[in-house]
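Fold and contact review
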Amino acid sequence: MSTERRLRPPGLAYGGDYNPEQWPEEVWAQDMALMREAGVTMVSVGIFSWALLEPSEGVYDFSRMDKILDLLHENGIAADLATPTAAPPAWFFHAHPEALPVDSDGRRLSYGSRQTFCPSSPAYRTAALRIAGALAERYADHPAVVMWHVHNEYGCHNSACYCDTSAAAFRKWLKAKYDNDLDALNEAWGTAFWSQWYHDWEEILPPRATGADPNPTHRLDWRRFCSDELLSLFTAERDVIRRAAPGTPATTNFMVMHNFDALDYWRWAPELDVVSNDHYLRSTDPESEIDVALCGDLVRSLAGGPWLLMEHSTGAVNWQPVNRAKNPGEMRRNALAHVAHGADGIAYFQWRAAKAGAEQWHSAMLPHAGTDSQIWQDVVQLGADLRALAEVRGSTSPAQVAIVWDWNARWAMEQPCQPSAELRFQDLVRHWYAPLWEAGVAVDFIHPDTPDLDRYRLVLAPSLYLVDDAGTANLTAFVERGGTLAVGFHSGAVDENCHIRLGGYPGAFRELLGVHCDELFPLLPGVQVALTGQVPQDATADLWTERLRLTGAEAVARYADGPLADVPAITRHAYGNGTAWYIATHPDPTTLAALLERIRRQAGVRPEREVPPGIEVVKRRGTDADYLFLIDHAGRGAEIPADGVELLTGKPVVGSVTVPEGSVAVVREPLPGPSAE
Ligand code: GAL
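Bear in mind that the values here come from a model prediction, so they are computed numbers and not experimental data. (Residues numbered from 1 in each chain as written. Predicted model: local features only at pLDDT ≥ 70, side-chain atom pairs only at ≥ 80, totals over all residues. Heavy atoms only, no water.)

On inspection of all chains with the given rule, the structure shows 31 aromatic pairs. When the ring of Tyr162 is compared with that of Trp222, the centres are 5.1 Å apart and the planes differ by 35°; the resulting orientation is tilted. Residue Tyr162 is found in the loop between strand S4 (145-149) and helix H6 (164-177), and its partner Trp222 is found in helix H8 (residues 216-244); the two are separated by 60 residues along the sequence. The pair formed by Tyr162 and Trp222 is uniform in burial state, with each residue classed as buried. Seen in terms of ring centroids, Tyr280 and Trp319 are 5.8 Å apart; in terms of plane orientation they differ by 85°. Their pairing is edge-to-face. (Phe/Tyr/Trp six-rings, centres within 6.5 Å; stacked < 30°, edge-to-face > 60°. Helix = DSSP H or I, 4+ residues; strand = E, 2+ residues; numbered from the N terminus. Buried < 20%, exposed > 50% of the residue type's maximum accessible area, 1.4 Å probe, protein only.)

What follows is the structure in structure tokens.
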């Protein structure tokens, strides 16, 4: 992130998407009054306003936006001004029907919703840069505008287009990647298989629907291309804005949340001045607070520090089969958990609940019922909370444990025709993250190539299926120098081209782990095996097993039954000055928790504070104080050792703080130092 272009409102930002164009002007004055009542400090405007801002090509109507920005400014509310390029108007597609995207079955989609355009379309790029440029020029110096919100959730609905224009762009990307060497591409893709050899670049297509199974490297390169193609749209808009408004930061809202996996955000994050994220709960997730924490830690790691929560919901969304409302106190717990995990601002989709349109059943800060509602009371309460936490802004979150996260590994492992279709990267990472979260152990996420791993005592790599030689060397050197690494099953299996690392699994990590596997034994759904050894009684595992032989490691646990009875399942290997563990199966949650506790204790990692089950504990570190966040997800309340000041109530804390049932406490604990002496 750039240091010079930072968001500078005081305290923690608070607000949401504001779409006043959906309402008559008389409503706007009421919006302003209510925003002030709730303590709103910043709203995102104009996200889907293209058709009104540019009613026909090159003809602009800024009258409404002028009024909105002036009104916000008069009311002391900052604007995060969007480029409206996620929703091209109907007139654009009438003039450029070729800019509509084509799906993998060859079906061209129609306009009539949003984000239905081909990312490689030259006409789209021209039109997007034109409206972005016109907005930037007009509002570069508007006093309300503190940030630019480029587009909206790149790739949310159109992460890939399979049209001929996209095919040509893909070939261009491939030529650059393979240095114009078609043989190198053939080698990387393994095209000697099934007569797929390409003799001419023009023969290469996107991975469109085909009769049998696709080529894995073709698909992997396609996913990399699709992410890069959208990234180039972002940087092009950002640069147009920078020319007009060089000092104002630009962001775009990421979607680091459960099933969205279209973009390699490690490549995106350095291009943003401010990293922001959207996060929605899954109604069917019984422990969605763990998802909030995991995604918050991942975004904080991408940002390398504080970030902004650009969207989440006050209550139900409208796009799941059944849309659960939030439980009492859940909205506040969610928002403050995002702050605990590094958010310096909290925003919602959206300010005022829509009465028409596809999202009319989506919750908002101001619900259909108006101010006579629980949600409104909670919104006002949260505004007060965020004011009370203003000093938390800019503080960081020190962690001694890092989890390896790589979109390439995720894409590769979730391809078709794998040993098991049951493996989901994010679920496997969460399986390991959950016990750390429960124990109150802070976690960062890292890329396999992240330098300076020595700041961590423990690195975890749950199922890092794909890893290149540089990543392998980086993780191996960390252990050699004295670090502790725990590797999950089916790791190191393939290189960056999805080529299997020969000579036995887990390919890249065989020597480091001191094990050798000659055959994988994935388990059918519902099948369990028992574990024995240094594991809790009744320990079991499911999903995955491997026929492992020790080549230097010691067995910590073995399978007690099934075809692999007596084969090592969990191993430990002294390597260089460090230790490398291999968890070659998918232990039940209790067993994994016990194992990770043992591993982290041996690595010298302690929780932030001992807390009872159901209490989330997270620390942010400021320049002269720690901020201890305690969140009660179990509804039982707790008394936790602490000293300082509880910021939400302003009360002094001596010896311990009370976390009320289902609620949150945030304690400022002064750091020992000259000022505290
Ligand atoms: C997001 C999107 C918003 C709104 C929201 C509803 O994906 O950015 O515009 O649609 O979902 O949950």
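Below, the discussion takes up the domain arrangement of the protein chain. By the assigned domains, the protein chain splits into domain 1 (13-160 + 232-392), domain 2 (401-602) and domain 3 (615-670). Taking only C-alpha atoms, the centre of domain 2 and the centre of domain 3 are 35 Å apart. (Domains from an automatic or database assignment.)

The subject of this paragraph is the pattern of salt bridges. Enumeration over the complete set of coordinates arrives at 36 salt bridges. The residue Asp344 makes a salt bridge to Arg620 at a minimum N-O spacing of 2.7 Å. In this pair, Asp344 is assigned in strand S9 (residues 343-348) and Arg620 in strand S22 (residues 615-621), connecting sequence segments 276 residues apart. Taken as a pair, Asp344 and Arg620 share a single burial class, namely buried. The partner of Arg481 in a salt bridge is Asp454, with the nearest N and O atoms 2.9 Å apart. Here Arg481 is found in the loop between helix H15 (469-480) and strand S13 (484-488), whereas its partner Asp454 is found in the loop between strand S11 (443-446) and strand S12 (458-461), with 27 residues between them in sequence. (Salt bridge = Lys/Arg side-chain N within 4 Å of Asp/Glu carboxyl O.)

Spatially, the 10 strands line up as an open sheet ordered S11-S10-S12-S13-S20-S19-S18-S15-S16-S21, and their pairing is mixed. The sheet is open, and its two borders are formed by S11 and strand S21 (586-587), each paired with just one other strand. Pairing of strand S10 (residues 401-404) with S11 involves 4 bridges; the strand directions are parallel. Across the sheet, the residue bridging to Ile403 is Phe445, located in S11. Each of S12, S13, strand S15 (528-533), strand S16 (540-542), strand S18 (554-559), strand S19 (568-575), strand S20 (578-583) and S21 touches helix H17 (residues 589-602); the most contacted strand, S20, lies at about 175° to it. (Pairing = 2+ DSSP bridges. Contact = heavy atoms within 4.5 Å. Axes fitted to C-alpha atoms, helices over the stretch in contact; angles between N-to-C directions.)

Attention now goes to the sheet that holds strand S26 (residues 651-653). One open sheet holds the 5 strands; their spatial order is S22-S23-S28-S25-S26, and the pairing between them is antiparallel. A strand with exactly one partner marks an edge of an open sheet, and here the two such strands are S22 and S26. When strand polarity is set aside, the average angle formed by the axes of neighbouring strands in this sheet is 25°. Here 2 bridges tie strand S25 (residues 644-646) to strand S28 (residues 664-670), and the two strands are oriented antiparallel to one another. Across the sheet, residue Glu646 finds its bridge partner in S28, namely Val667. On top of the sheet, helix H11 (residues 330-340) reaches S22, strand S23 (625-632) and S28; it is set at about 150° to S23, its chief contact.

The buried count for strand S8 (residues 307-311) comes to 5 of 5 residues, which makes it a mostly enclosed element. In terms of strand pairing, strand S7 (residues 276-278) meets S8 through 3 bridges, oriented parallel. Bridged to Ser276 within S8 is Leu308. A crossover links S7 with its parallel partner S8, the connecting element being helix H10 (residues 288-303), and its sense is right-handed. Note: S8 against S9, 2 bridges, orientation parallel. Looking at the pairing, Trp307 lines up with Ala343 of S9. Taking the sense of rotation as the criterion, the β-α-β connection linking S8, H11 and S9 turns out right-handed. (Right-handed = clockwise from strand over helix to strand, strands pointing away.)

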